[in-house]
Amino acid sequence: MIEKIELFKDKTECCACGACENICSQNAIEMREDEVGFLYPYINKDKCISCGACMRVCGYKKANEDNDKSDKYVIAFSSKDDIVISRSASGGAFAEIAKEVLNESGVVYGAVSDDRSNGWTVHHSRIDKVDDLKMMQGSKYVQSDMGNIYKQVRKDLDDGQKVLFSGTPCQVDGLNNYLMKKYDNLLTVDIICHGVPNQRMYKDFLSYRENHIDGTIERFVFRDKSKGQGMISRMDIKTNNSKSRSIIKKGELYSYFYLFLKQHIYRINCYSCPYAKQTRYSDITIGDFWGFSSLYPNMAASVELTDSKGVSCVIVNSEKGMRAVDNIKQHCNCMESTFEMASKYNGQLKYPSRLTGVRQNIIDVYADKGYAGIEHFYHTHFWKDRIKYFISSLIPMKVKKKAKSLLG
Ligand SMILES: Cc1cc2nc3c(=O)[nH]c(=O)nc-3n(C[C@H](O)[C@H](O)[C@H](O)COP(=O)(O)OP(=O)(O)OC[C@H]3O[C@@H](n4cnc5c(N)ncnc54)[C@H](O)[C@@H]3O)c2cc1C
């Protein structure tokens, strides 16, 4: 028996991975939203038996202690499959790893995004068919709801299923801590992550936008590739006269996406994230290989890797990870690189996002005035950026590339 169950003293000490909720044998812990929508574990004192299991699986504070800077095998990666790459945020590394697992009758866990009828909720889910993989592809820039997913993973593992679990670094570490032992049949993939906003704000953003269009927003895709690669979003709309249309535009022209990219609206703990470093807790780490073409100006064409479709960086953290990556190399264009190169334009591999001076103002405005307050803040404080991104969105990609190459 533990005298006092205290999961965190300060909000900077909790990432809401959900390991504590999943481990509780009494179902005494539930995730509850704070005043602006960020989730924190709440302990029901009537149900709690003070066994302390929840405190034992909390790995967030312990992660600060690890600092392994050993060399890693790193590749730049781009799937050869056009459909895979078009649905993926970057080079399709996740889908290729997942396909291998599913083809061996395994199961895959990752984040999926519901459509409007299910409240646009982003949550972790389980699939066992390659056909369902598309639901998990693509980045959803919001904290995924974990529910009781770790319990399901453990059941699959105990049943002898091959399991791929993917998520943010804190979610992968949450699973490891929850499981408390190593499983040969588990492969973990973490995404490089610079922070997560919460679902309430994301849904309020979509509702707010919906009030400004002649129809309903069926789906929001953060990174659509039909008009190029990068932070280009797509909003699928059903109009009031039942027609379908999509708005494809630069993500920064939406308040939510802009504030996400500029690091203004994350959970407070993301700004001191203990996972934003070279030490990883997964078998494989995947992310965007930002700046690939400028880092390797001569190599890019020769190995058919190109930023225009998206290039993943794949970092191998274990022997199991190495075997999985070896298996997918035949389906991709890839090139060996280094941790130093992969992290050059991807600061998250070295340090957490910087807490911005306006983050608290934005959160306060949201608490006070709701999403309309955020929208107003975005238009009044960041209007210069808005103009810049608007003008940039009018210039065709080809022209931008030409100008970039002329300017060196
Ligand atoms: C909140 C967030 C922040 C990110 N920040 C960075 C960054 O700073 N630098 C960088 O290089 N890359 C970042 N990424 C990762 C990047 O956007 C791509 O997801 C990554 O490059 C993998 O691309 P892919 O083409 O291999 O696979 P994709 O098909 O694009 O990605 C699918 C994978 O992403 C996972 N995923 C998607 N959304 C979520 C979510 N909300 N929560 C947990 N897992 C999710 C799925 O489970 C699946 O494993 C971030 C992703 C998210 C969700």
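This one's a predicted model, so the numbers in the text were calculated from it and none came from an experiment.

**Quick word on the sheet that holds strand β8 (residues 215-221)**
Strands sit in the order β8-β9-β10 across an open sheet of three strands; the sheet is antiparallel. Looking at strand neighbours, the two that pair on one side only are β8 and β10 (244-250), the edges of this open sheet. This sheet shows a mean twist of 25° between the axes of neighbouring strands, independent of strand direction. Of the strand pairs in this sheet, strand β9 (residues 232-239) and β10 are connected by seven bridges, and their pairing is antiparallel. Looking across to β10, one finds that R234 is bridged to I248. The strands touched by helix α8 (residues 199-210) within the sheet are β8 and β9, with β8 carrying the most contacts at an inclination of about 140°.

**Considerations on the pairing of strand β3 (residues 73-79)**
The buried count for β3 comes to six of seven residues, which makes it a mostly enclosed element. Pairing of β3 with strand β12 (residues 312-316) involves five bridges; the strand directions are antiparallel. Residue pairing in the sheet places I75 in a bridge with V314 of β12. With six bridges joining them, β3 and strand β13 (residues 332-337) adopt antiparallel strand pairing. The residue bridging A76 from the neighbouring strand is M335, located in β13.

**Considering the site of the ligand**
Neighbouring the ligand are 36 residues, the closest being A89, S139, K140, H194 and N346. The separation between an oxygen atom of the ligand and a polar main-chain atom of A93 is 3.1 Å. One of the side-chain N or O atoms of N346 is found 2.7 Å from an oxygen atom in the ligand. Coverage of the ligand by the protein chains reaches 98% of its 900 Å² of free accessible surface. Counting residues per element, the shell around the ligand draws most heavily on strand β11 (residues 284-288), at three residues. The class makeup of the residues in the shell around the ligand is 13 nonpolar, 20 polar and three charged.

**A word on the domain arrangement of the chain**
Accessible area lost when the parts come together is the quantity often used to give the size of an interface. Annotation of the chain at the domain level lists domain 1 (11-65) and domain 2 (73-196 + 264-349). Centre-to-centre, using C-alpha coordinates, domain 1 lies 25 Å away from domain 2. In this assembly, domain 1 packs against domain 2 so that about 1800 Å² is buried in total across both faces, 55% of it on carbon and sulfur atoms. On the domain 1 side of the interface with domain 2, the three residues burying the most area are N22, Y60 and A63, jointly 32% of the side's total. Of the residues forming the side of domain 1 that touches domain 2, the biggest block, four residues, is contributed by helix α1 (residues 19-23). When grouped by side-chain class, the residues that make up the side of domain 1 that touches domain 2 number twelve nonpolar, six polar and two charged.

About the thresholds
- Residues numbered from 1 in each chain as written.
- Predicted model: local features only at pLDDT ≥ 70, side-chain atom pairs only at ≥ 80, totals over all residues.
- Heavy atoms only, no water.
- Pairing = 2+ DSSP bridges.
- Helix = DSSP H or I, 4+ residues; strand = E, 2+ residues; numbered from the N terminus.
- Axes fitted to C-alpha atoms, helices over the stretch in contact; angles between N-to-C directions.
- Contact = heavy atoms within 4.5 Å.
- Buried < 20%, exposed > 50% of the residue type's maximum accessible area, 1.4 Å probe, protein only.
- Near = heavy atom within 4 Å.
- Polar contact = N/O pair within 3.5 Å; in protein donor to acceptor, adjacent residues only side chain to side chain.
- Areas by Shrake-Rupley, 256 points an atom, 1.4 Å probe, with all protein chains shown as cover.
- Nonpolar A, V, L, I, M, F, W, Y, C, P; charged D, E, K, R; others polar.
- Domains from an automatic or database assignment.
- Buried area = accessible area lost by both parts, 1.4 Å probe.

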